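These are the residues of each chain, in order.
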Amino acid sequence: MRAMLEPAIRHFGAALISYTLNIDETALQAMVAGEEDVAAESRDLLVLVTRRLEEERIRCAIADMPLSSALFSLAEEIPSGKRSVFNSWRLAAGGSLPDFRTGDPVVDAFAPIAMEMYPLCIAKRMEGHFGLIYLTHSFFDSTERPDFERAVLEDSALRRLVDVEEREGRRVKARVKVNTGQSSAIFMQELQNSILNSTYIYARMRSGLDVQGFKVALENTFATLRRAATGKLTQIPVWIGFNNIAVPGRVELPWGTVSPYGEPNGFEFVPGEARPSRGGEDSATLGFVLETKRDYQIEIDYDYQNESGEIQWPASMERAELAMQRSCERTQLAFTLGIDRTLPAACSRSWTLMADPLSMTTGLSSHMRAAMPVDFYVVNDTEIYSLEHWAGLIHTASSEKVEIALRRLISATTERRNAVDGFVDAVVAWENIFAGTSQGELSFRICAAMSKLLESDGEKRLALHKTLVAMYNSRSKVVHGAKELSHEEAVAARGYALDVLLRCLRMLYSDYPELLTDVDRSKRIILTL
């Protein structure tokens, strides 16, 4: 029996085999280890299940198909439509099928669909989003669900998504415009698939894939969809992957939660090219996942297009994208300010996953860039407080007037592989913060403000000012082609310019946050501090 169970678990997952055979997962692992015997009444079914799964695995290998496709051939016809053979096997093993009913008429009508798809949700699938596309678009494509359709059409909010109206003597189907960038007419089968898709993502990433967790995800998906279908602005969860920094545990930020890779944030949804590498003494995964929220809005349109032929997206679309971008930049800034290292620690955004109830795909996008210009960093437990502290300062401060500087800091540490470019970016950040509104004597004013901010001793301030002016002038000559820096000189200049920039930003955020909103902060620093 062990020889049969091991490959089935390896290829299809212990959760699915445990569910199918109606055996506790711990007991199943004990059977594999030879610590427990298979009950006599279960042996025939175990042989049937493992043999069938092995046959499907071999069929997929011969056809050069992903193993996840085997799951969709394991269905059988029953009077009400299709049934997952895993559910039939579970019933034969004396188990009961999961009940996802909540008392909500539409959720209860969807519950039989969720019940038949549930075994596929807990199965081990190939990594990457390809397996999930199979999950939501293959199994029930030709199966009619009249109870679900009737429940949707009787729901005043949800029927708006699939409604038809008379327009100029013809029947026109509603076109749904979502502020995530989708626009299409929605048919019942597509609605069914997108709901299951979003439910799975929510359960996989947040509430858990056990029956109760899946039910919570289902309720959340329908609640979100109802609010949005009436035109109300609501929110959906978003998960954003970052590379180059490893964290030992959860980090609570005002705009979301950072977690290390691992359950529930594994690699299933992450494109291969966007996955973090490993490094450090313990070969840590050099990346983390930020869970945050995104504004979500739906508009129902029967005219489809304006006179210019362009789709008029919901007004909240641009604001939602900017807010999500701001959350990413704040996260990057929190790690750069919160970790004290000679060459700043930095992380780059690599992928984004949204639990969009109307997405026909996984809602996944990747943001691949070249290798980072700074070395990786492994956060230790004692640094989590510092990260949360700096995130709080960043969140409460008004930094709109220094956003150019913050973006240049991020680009210098995450994008500029050429050290000269990183040096230029860092000094541009100096200018954005300290140039002020007056023209003339820029180098003197910028460097005087920085010197006054960073040094209390007069002699040290003069020495720092001299060095800063030389660095500023060197940048100007480089930009105008009057000077070339060797690689070693550029690396040293970039490191110094970034170090001074970070010291200034830390001082402003921690001691003088009111100056962040003052466009003449350099004058105020020089004359009043």
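For every chain, the first residue of the written sequence is number 1, and numbering continues from 1 along that sequence. Side-chain atom pairs in this predicted model are given and counted only at pLDDT of 80 or more, local residue features only at pLDDT of at least 70, and totals for whole chains, interfaces and linings cover all residues. Calculation of side-chain values draws on the structure's entire complement of heavy atoms; hydrogens and water are dropped beforehand.

### Comments concerning the overall build of the protein
(1) Moving on: If you tally the helices and strands in the protein, you get 19 helices and 17 strands.
(2) Moving on: Taken along its principal axes, the extent of the C-alpha atoms in the protein is 90 × 70 × 40 Å.
(3) Moving on: The 529 residues of the protein split such that 53% are buried.
(4) Moving on: In the protein, 74% of the contacts between residues at least 6 apart in sequence involve partners at least 24 apart.
(5) Moving on: With an accessible surface of roughly 24000 Å², the protein has 49% of that area assigned to carbon and sulfur atoms.
(6) Moving on: The protein carries 59 positive and 72 negative side-chain charges, and their two centres are separated by 4 Å. Secondary structure counts use DSSP, requiring at least four H or I residues in a row for a helix and at least two E residues in a row for a strand, with both numbered from the N terminus. Throughout this description, buried means an accessible area under 20% of the type-specific maximum (1.4 Å probe, protein chains only), exposed means over 50%, and partly exposed covers the range between. Residue contacts are counted whenever heavy atoms from the two residues lie within 4.5 Å of one another. Each accessible area is a Shrake-Rupley result for a 1.4 Å probe, and residues are judged covered by the shown protein chains and nothing else. His residues and chain termini do not enter the charge count, which takes Lys and Arg as positive and Asp and Glu as negative. To locate a charge, take NZ of a lysine, CZ of an arginine, CG of an aspartate or CD of a glutamate.

### Some remarks on the sheet that holds strand β5 (residues 175–178)
(1) Moving on: At least two DSSP bridges between two strands are needed for those strands to be called paired. Within the open sheet, the 3 strands sit side by side as β6-β5-β14. Their pairing is antiparallel. Of all strands in the sheet, those bounded by a partner on one side alone are β6 (182–185) and β14 (298–301). The sheet shows a mean angle of 20 degrees between the axes of neighbouring strands, direction not considered.
(2) Moving on: The pairing of β5 with β14 spans 4 bridges and is classified as antiparallel. Bridging from a neighbouring strand, Val176 pairs with Ile300 of β14. With axes taken as lines fitted to C-alpha atoms, and helix axes fitted only over the stretch in contact, angles between N-to-C directions fall between 0 and 180 degrees.

### Regarding the packing of aromatic side chains
(1) Moving on: Put simply, two rings from Phe, Tyr or Trp (the six-membered ring, in Trp's case) pair if the centres are within 6.5 Å, and we call them stacked under 30 degrees between planes, edge-to-face over 60, tilted for the rest. Scanning all chains against the criterion turns up 9 aromatic pairs.
(2) Moving on: Ring geometry for Phe242 and Phe288: centres 5.1 Å apart, planes at 20 degrees, overall stacked. With Phe242 in strand β7 (residues 234–243) and Phe288 in strand β13 (residues 287–296), this pair connects stretches of sequence that are 46 residues apart.
(3) Moving on: Relative to Phe335, the ring of Phe288 has its centre 4.7 Å away and its plane inclined at 15 degrees; by these criteria the two rings are stacked. Here Phe288, found in strand β13, pairs with Phe335, found in helix α12 (residues 316–338); they are 47 residues apart in sequence, far enough to count as distant. Comparing Phe288 with Phe335 shows no difference in burial state: the two are buried.
(4) Moving on: An aromatic cluster is built from Tyr19, Phe100, Tyr118 and Phe214, whose rings are joined through pairwise contacts.
(5) Moving on: Over a ring means this: the NZ of a Lys or the CZ of an Arg is within 6 Å of the ring centre and within 35 degrees of the ring normal. Positioned above the aromatic ring of Tyr19 is the side chain of Arg90, whose terminal nitrogen or guanidinium carbon lies 4.4 Å from the ring centre.
(6) Moving on: Positioned above the aromatic ring of Tyr472 is the side chain of Arg475, whose terminal nitrogen or guanidinium carbon lies 5.0 Å from the ring centre.

### What to know about the side chain of Asn87
(1) Moving on: Its location among the elements puts Asn87 in helix α6 (residues 85–92).
(2) Moving on: Any N or O atom pair separated by 3.5 Å or less is treated as a polar contact, with the protein-specific requirement of one donor-capable and one acceptor-capable atom, and with residues adjacent in sequence counted only for side-chain atom pairs. Side chain to side chain, Asn87 and Glu116 meet in a polar contact 3.0 Å long.
(3) Moving on: Setting aside anything within four residues of it in sequence, one finds Asn87 in contact with Tyr19, Leu97, Met115, Glu116 and Pro119.

### Some details on the environment of His465
(1) Moving on: Here His465 lies in helix α17 (residues 458–479).
(2) Moving on: Judged by its relative accessible area of 17%, His465 falls in the buried class.
(3) Moving on: Apart from residues no more than four positions distant in its own chain, His465 is found in contact with Phe444, Cys447, Ala448 and Ser451.

### Some thoughts on the pairing of strand β4 (residues 170–173)
(1) Moving on: When strand β3 (residues 164–167) meets β4, the two strands line up antiparallel, connected through 4 bridges. When the sheet's bridge partners are listed, Arg167 is paired in β4 with Arg170.
(2) Moving on: Once β3 ends, the chain turns through 2 residues before running back antiparallel as β4, passing Glu168 with a positive phi of about 55 degrees.

### Observations regarding the nonpolar core
(1) Moving on: Grouping buried Ala, Val, Leu, Ile, Met, Phe, Trp, Tyr and Cys residues that are joined through side-chain atoms within 4.5 Å yields what is termed a nonpolar core. Within the largest apolar cluster, 153 residues are counted, with the highest numbers of intra-cluster contacts made by Phe148, Leu191 and Trp430.
(2) Moving on: Broken down by element, the residue count for this core peaks at 13 residues, all from helix α7 (residues 105–122).
(3) Moving on: In this view, Phe148 contacts Val106, Ala109, Phe110, Ile113, Met188, Leu191, Gln192, Ile195 and Phe222; residues no more than four positions away in its chain are not counted.

### A closer look at the sheet that holds β7
(1) Moving on: The 6 strands are arranged β9-β10-β13-β7-β15-β16 in an open sheet whose pairing can be described as antiparallel. At either margin of the open sheet sits one strand with a lone partner, and together these are β9 (251–253) and β16 (364–366). On average, each strand axis in the sheet is inclined to that of its neighbour by 25 degrees, with strand direction left out of account.
(2) Moving on: Sheet strands touched by α12: β7, β9, β10 (256–260), β13 and β15 (348–354). Its angle to β13, the strand with the most contacts, is close to 155 degrees.

### Focus on the packing of helix α1 (residues 2–12) against helix α3 (residues 25–32)
(1) Moving on: It is at 9 Å that the axes of α1 and α3 come closest, and there the two elements cross at 125 degrees. Considered as vectors, α1 and α3 are oriented oblique to each other. On α3, the residues that touch Arg2, Leu5, Glu6 and Ile9 of α1 are Leu28, Met31 and Val32.
(2) Moving on: Residue type decides the class: Asp, Glu, Lys and Arg count as charged, Ala, Val, Leu, Ile, Met, Phe, Trp, Tyr, Cys and Pro as nonpolar, and the leftover types, Gly among them, as polar. Taken together, the residues of the contact of α1 with α3 sort by class into 5 nonpolar, no polar and 2 charged. Just so you know how the angles are binned, under 35 degrees is roughly parallel, over 145 roughly antiparallel, 65 to 115 roughly perpendicular, and the rest oblique.

### A look at the pairing of β6
(1) Moving on: With 4 bridges connecting them, β5 and β6 associate as antiparallel partners. Across the sheet, residue Arg175 finds its bridge partner in β6, namely Ala185.
(2) Moving on: Connecting β5 to the antiparallel partner β6 that follows it, the hairpin turn spans 3 residues, and Gly181 within it adopts a positive phi of roughly 105 degrees.

### Some details on the pattern of salt bridges
Two side chains carrying opposite charge are able to pair once their charged atoms lie near each other.
(1) Moving on: By salt bridge we mean one thing: a side-chain nitrogen of Lys or Arg within 4 Å of a carboxyl oxygen of Asp or Glu. Following the criterion strictly, the structure yields 19 salt bridges and no others.
(2) Moving on: With its nearest N and O atoms 2.7 Å apart, the salt bridge here joins Glu431 to Arg475. With Glu431 in helix α15 (residues 419–434) and Arg475 in helix α17, this pair connects stretches of sequence that are 44 residues apart.
(3) Moving on: Relative accessible area serves as the criterion here: at 6%, Arg475 is assigned to the buried category.
(4) Moving on: One network of salt bridges, with partners in common, ties together Arg52, Glu56 and Arg59.

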